[in-house]
Amino acid sequence: MCATCGCGDEGATITAMWGHRPLAGDARAKDGQPQSGHEHPHTHTHDHDHDHDHDHSHQNPPTETIPLEQKVLAKNDMLAEHNRRWLVDRGILAFNMTSSPGAGKTTLLERTIRNLGSQHRVSVIEGDQETLLDADRITAAGARAVQVNTGAGCHLDAEMIERALHALEPDTGSLLFIENVGNLVCPALFDLGEYSKVVVISVTEGTDKPLKYPHMFAAAGLVLINKIDLLPYVDFDLDLCARHARSVNPGVEIMPVSATKGDGMDLWLQWINARANELDATATQV
Ligand code: MG
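Every value quoted in this text rests on a predicted model; they were computed, and no experiment measured them. (Residues numbered from 1 in each chain as written. Predicted model: local features only at pLDDT ≥ 70, side-chain atom pairs only at ≥ 80, totals over all residues. Heavy atoms only, no water.)

Engineer: Where do I start with the overall build of the chain in this structure?
Structural biologist: When you go through the chain residue by residue, the secondary structure sums to 8 helices and 11 strands. Counting every position in the chain, which comprises 286 residues, the buried fraction comes to 51%. In the chain, of all internal contacts separated by at least 6 residues, the share reaching a separation of at least 24 is 74%. Put simply, the chain shows about 13000 Å² of open surface, and 51% of that area lies on carbon and sulfur atoms. (Helix = DSSP H or I, 4+ residues; strand = E, 2+ residues; numbered from the N terminus. Buried < 20%, exposed > 50% of the residue type's maximum accessible area, 1.4 Å probe, protein only. Contact = heavy atoms within 4.5 Å. Areas by Shrake-Rupley, 256 points an atom, 1.4 Å probe, with all protein chains shown as cover.)

Engineer: Help me understand the pairing of strand 11 (residues 253-256), please; the structure alone is not making it clear to me.
Structural biologist: Within a regular beta strand, the side chains point alternately toward one face of the sheet and then the other, so they alternate between its two faces. Direction of pairing for strand 10 (residues 222-226) relative to strand 11: parallel, over a ladder of 4 bridges. Bridge pairing in strand 11 places L222 opposite E253. Between the parallel pair strand 10 and strand 11, the chain is carried across by helix 7 (residues 238-248), and the sense of this crossover is right-handed. (Pairing = 2+ DSSP bridges. Right-handed = clockwise from strand over helix to strand, strands pointing away.)

Engineer: Just to check I follow, could you spell out the confidence of the model for the chain for this structure?
Structural biologist: Residues shown with low pLDDT carry predicted positions that ought not to be read at fine detail. Here the chain shows a mean pLDDT of 85. Residues at 70 or above account for 78%. Scored below 50 in pLDDT, residues 20-57 shows 71 contacts in the model against residues more than four places distant or in partner chains. (pLDDT = per-residue confidence, 0-100.)

Engineer: Quick question: what am I supposed to make of the side chain of N226 here?
Structural biologist: Residue position: N226 is located in strand 10. Its relative accessible area of 3% is what places N226 among the buried residues. Within the structure, the side chain of N226 is placed 3.0 Å from the backbone nitrogen of A259, a separation counted as a polar contact. Excluding residues within four positions of it along the chain, N226 makes contact with A103, G104, V200, I201, S202, V203, V257, S258 and A259. (Polar contact = N/O pair within 3.5 Å; in protein donor to acceptor, adjacent residues only side chain to side chain.)

Engineer: Teacher, can you tell me more about the pairing of strand 1 (residues 13-17) here?
Structural biologist: Burial within strand 1 is extensive, with 5 of its 5 residues counted as buried. Pairing geometry for strand 1 and strand 7 (residues 144-149), over 5 bridges, is antiparallel. Of the residues in strand 7, the one forming a bridge with M17 is A145.

What follows is the structure in structure tokens.
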């Protein structure tokens, strides 16, 4: 039970998906299959060992929810820091991709994987309540993926990512995209150990999304405004949306893109490469 929003996050399953073609330099993948001898896709179902308090009453007054929420988030933050150290130690650059449902995260990742080509080895943790559909699309685009199905849960948490990382085993020095469950509320609160959050909003949504969901936009390192090829057909003010985003996060970078047509993808890839250089510089200083 997520004490923050009341959704269930128990019974999450992780399914490992392997690419349809071996990745360059990937010692595990030959002929599109890992050398471990595992059959794929396969599903790991884990028994949870949560320390969550389940003895609270749902009739309890709201004042008792606050310390429980703080406890849940404190435990998540501790696990997220563990994930962050695990990733940094391996030089893995991780982005937590968040959006409303239908903003185009998966399409953006498909195009990103194809455009990056051999520049970076890429793997993806896909978060959805149900189905393997997005992980199938990612593996078809050429990256390895694991699918986390959250059941009734509306967000990924750091524990799910820890388990997914052990199933995925991303290569040292690679890129990792975490496609969060489509939701602009709870994912803002749950640090996963990523290097940066990237919020995707599309022009088919309201210009005022950053004002309605300020926590998500305040936590972002980059806002991608997707589907700009549809601007002639919708009532969306690009400049006003950017001003709204900067009103809650003054330093945030904002990039208009079209994942289907390719507009703005070069700047997005430049931004990724700049973050990779930052991570390399940090590692050199340590
Ligand atoms: Mg998706």
